[in-house]
Amino acid sequence: MGQRGGAAAAAAALVLGLAGCSGSGQAAEPDGAETMRRASDVLVRYGSSQVVTSMETASGGTKVSITGTGGYDFARRRGSLEVTLPADAAGEPEHQPITELLTPGALYMKNRGEGVPADKWVRLDTARLADGNLVTGGVTDPLAAAELLRGARGVTYAGQETIAGVRVRHYRGVTDIVRAAKAASAASRGSLGAAAKGFSVTRVPFEAYVDEEGRLRRLRQCFTFTNNAEVVSVVSFHGFGSPVRVVLPDADDIYRGKIVSAPTPQA
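Residues numbered from 1 in each chain as written. Predicted model: local features only at pLDDT ≥ 70, side-chain atom pairs only at ≥ 80, totals over all residues. Heavy atoms only, no water.

(A) Quick look at the environment of Val 64. For Val 64, the location among the structural elements is in strand S2 (residues 62-73). Each residue touching Val 64, except ones within four places of it in the same chain, is listed here: Met 55, Glu 56, Thr 57 and Pro 86. (Helix = DSSP H or I, 4+ residues; strand = E, 2+ residues; numbered from the N terminus. Contact = heavy atoms within 4.5 Å.)

Rendered as structure tokens:
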């Protein structure tokens, strides 16, 4: 199986693993909360990684799943992902994959929304989004997801497991967006601050899997909205140290017109 096929299989496995949200664990471990709060700092220290993302929205009995693959440079706080949208009822692709570039304060998307020329990008100011781009793009920014853990409380240790041949410690807990925004790094503070104001339910149950070096290997977070919609986001990290090249579009390549539709999770 090639690199693309392996990534697709990993993404599919993440979607199959999505279930209800829970913040309970088995046994307390003294350093669990501190491990969570410094998880983003550890990622920055290790520089970069490949990532696989999955997001599932459940509302009114309907579920929609979106997957993504790519890489993230935590030191430069930039990432590039190819996001695959759900197929139609016949199983055929309904939309072209969306290319997303993640940067502090901005999200760039190509092949996003009807009426946008194929050679143009859409730019969104994440500090102006009600959710701070935690779900808008169909992907939770991997570094923002880790920064959310700065607000972790009630962390419990659920034992050791193995992910892709790597021994990891499994933690469960609940983080709070408001507390995380106050403790976030300067680069993430604007987006998380917007989310802290935009979410009426700021408690986010999570499950985190951390290797012996303190690096996140998988992070699962559950976001809840006032209309009882639930979005479960999973980010998987592997290939630490892999080079990640992110080239932002020129100003002339940014679409300035009206976007007719956006096939991404909605609160």
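(B) Region of the structure containing the nonpolar core. Core analysis: the largest hydrophobic core is formed by 36 residues, its most contacted members being Met 36, Phe 206, Leu 216, Leu 219 and Phe 237. If we ignore the near neighbours within four places in the chain, the residues touching Leu 216 are Ala 39, Leu 43, Ala 146, Leu 149, Ala 208, Tyr 209, Val 210, Phe 237 and Phe 240. Core analysis: the second largest hydrophobic core is formed by 18 residues, Ala 144, Ala 180, Ala 184 and Ala 229 among them. (Core = buried A, V, L, I, M, F, W, Y, C linked by side-chain atoms within 4.5 Å. Buried < 20%, exposed > 50% of the residue type's maximum accessible area, 1.4 Å probe, protein only.)

(C) Main features of the pairing of strand S9 (residues 203-210). Extensive coverage of S9 is indicated by the burial of six of its eight residues. Across eight bridges, the pairing between strand S8 (residues 166-176) and S9 is antiparallel. Residue Arg 169 lies in a different strand from S9, and its bridge partner there is Val 210. As judged from the five bridges shared by S9 and strand S10 (residues 216-224), these two strands associate in the antiparallel manner. Opposite Tyr 209, over in S10, you have Arg 218 as the bridge partner. Hairpin connection from S9 to S10: five residues lie between these consecutive antiparallel strands, with Gly 214 at a positive phi of about 85°. (Pairing = 2+ DSSP bridges.)

(D) Inspection of the pairing of strand S5 (residues 106-110) at higher detail. Counting buried residues in S5 gives four out of five residues, a clear majority hidden from the surface. Summarising the sheet, strand S4 (residues 98-103) and S5 pair through five bridges and their orientation is antiparallel. Its bridge partner lying in S5, Leu 102 is registered against Leu 107. In sequence, S4 turns back onto S5 through a hairpin of two residues, with Gly 105 there showing a positive phi of about 85°. Where S5 meets strand S6 (residues 121-125), five bridges bridge the pair, whose relative direction is antiparallel. Within S6, the position partnered with Tyr 108 by the bridge is Arg 123.

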